[in-house]
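Listed here are the chains, written in short residue letters.
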Amino acid sequence: MRLHGSDDDDGTAPENTLPLINIVFLLLTFFMVAGALERTDLFNVSPPASNSEQAAPDGGPLLLIGADGTLALNDQTIGEEGVGKAVLGESKLVRIKADAASDAAFVVRLMEKLRQAGVEKVSLITMER
Amino acid sequence: MNLSSRDEGTVVISLTPLVDVVFILLVFFMLASSFVEWRSIDAQTQAAQGRSNGLVGTVLADLKPDGDVVVGGRSMPPSMALQYIDDLHGDRPELKVLLRPADGVALQVAVDFAESLKAKGLADVSFKPMGVAQ
């Protein structure tokens, strides 16, 4: 396939690149419109699957909980004891994105800390089943 | 703008740089775009739903690491626990369920059990850490 060069210097006709460009434009448009650009998480988290129809909220701090218990709030690593202080007075809503394999008791303890810090609503992010 | 004609006096614009840029944009959006639709569930802890009634009208379900569920002092498989709680719910429509996952229970297990309860019509399902005073 020749994209450069003249079409008649060696007597061969150029391949028409317009259909290729059209398809590439269509693909580009599809990915731009249908996909959503997201920030990558500080570490890999695979949330639990659920049948919930409720869309994940946009606002509020995001607490990441890794499968090994690693914690990050708004992309900053924190310890378990710092969770309550970190969100104190910041928001009434906190989103938790916890790994499906993480310890449920640990997650519930963190939720309790958040509640004690004044958080009124905890939204546990899940994946569509 | 004439892209194809080669008449005298016209400028031929090469499409190659345009194609290059579009290819780069396409690769970028293919790699960076996400098609995952995130869902959420409201994960309330007990006191967030009010503690005025204490544990009156509430059933505690302890999720054990071996998969069993302790309800009403008896350990049973999750399906039996669901049936047991559903029977209680039939007698008391306002029944609340407190889930207490033990250490070692995966979050997916707790979410699945909570969803199964909600699927049976129990709207008031909340979580509670083990060993917390009322």
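Quick caveat: nothing in here was measured; it's all calculated off a predicted structure.

### Quick notes on the overall build of chain B
Looking only at helices and strands, chain B has three helices and seven strands in total. Helices and strands appear in chain B in the N-to-C order α-β-β-β-β-β-α-β-α-β. Of the contacts made within chain B by residues no fewer than 6 positions apart, 64% connect residues no fewer than 24 positions apart. Summed over all atoms, the accessible surface of chain B reaches about 7300 Å², with 59% contributed by carbon and sulfur.

### Describing the interface of chain A and chain B
Each side of the interface is counted separately: chain A has 56 residues, and chain B has 43 residues. Together chain A and chain B conceal approximately 4300 Å² of surface at their shared face, both sides included; 63% is due to carbon and sulfur atoms. At the surface where chain A touches chain B, the tally comes to five salt bridges. Of the charged contacts, one joins A:K121 and B:D42 as a salt bridge, the two residues approaching to 3.8 Å between their closest N and O atoms. Across the contact surface, chain A and chain B share 24 residue pairs in polar contact (both at pLDDT 80 or more). Within the residue set of the side of chain A that touches chain B, elements represented by two or more residues are α1 (18–34), β1 (36–37), β2 (49–50), β6 (93–98), α3 (104–116) and β7 (121–128) of chain A. A total of 11 residues in the side of chain A that touches chain B trace back to one element, the largest contributor, which is α1(A).

Definitions and limits used
Residues numbered from 1 in each chain as written. Chains lettered and ligands numbered in written order. Predicted model: local features only at pLDDT ≥ 70, side-chain atom pairs only at ≥ 80, totals over all residues. Heavy atoms only, no water. Helix = DSSP H or I, 4+ residues; strand = E, 2+ residues; numbered from the N terminus. Contact = heavy atoms within 4.5 Å. Areas by Shrake-Rupley, 256 points an atom, 1.4 Å probe, with all protein chains shown as cover. Buried area = accessible area lost by both parts, 1.4 Å probe. Salt bridge = Lys/Arg side-chain N within 4 Å of Asp/Glu carboxyl O. Polar contact = N/O pair within 3.5 Å; in protein donor to acceptor, adjacent residues only side chain to side chain.

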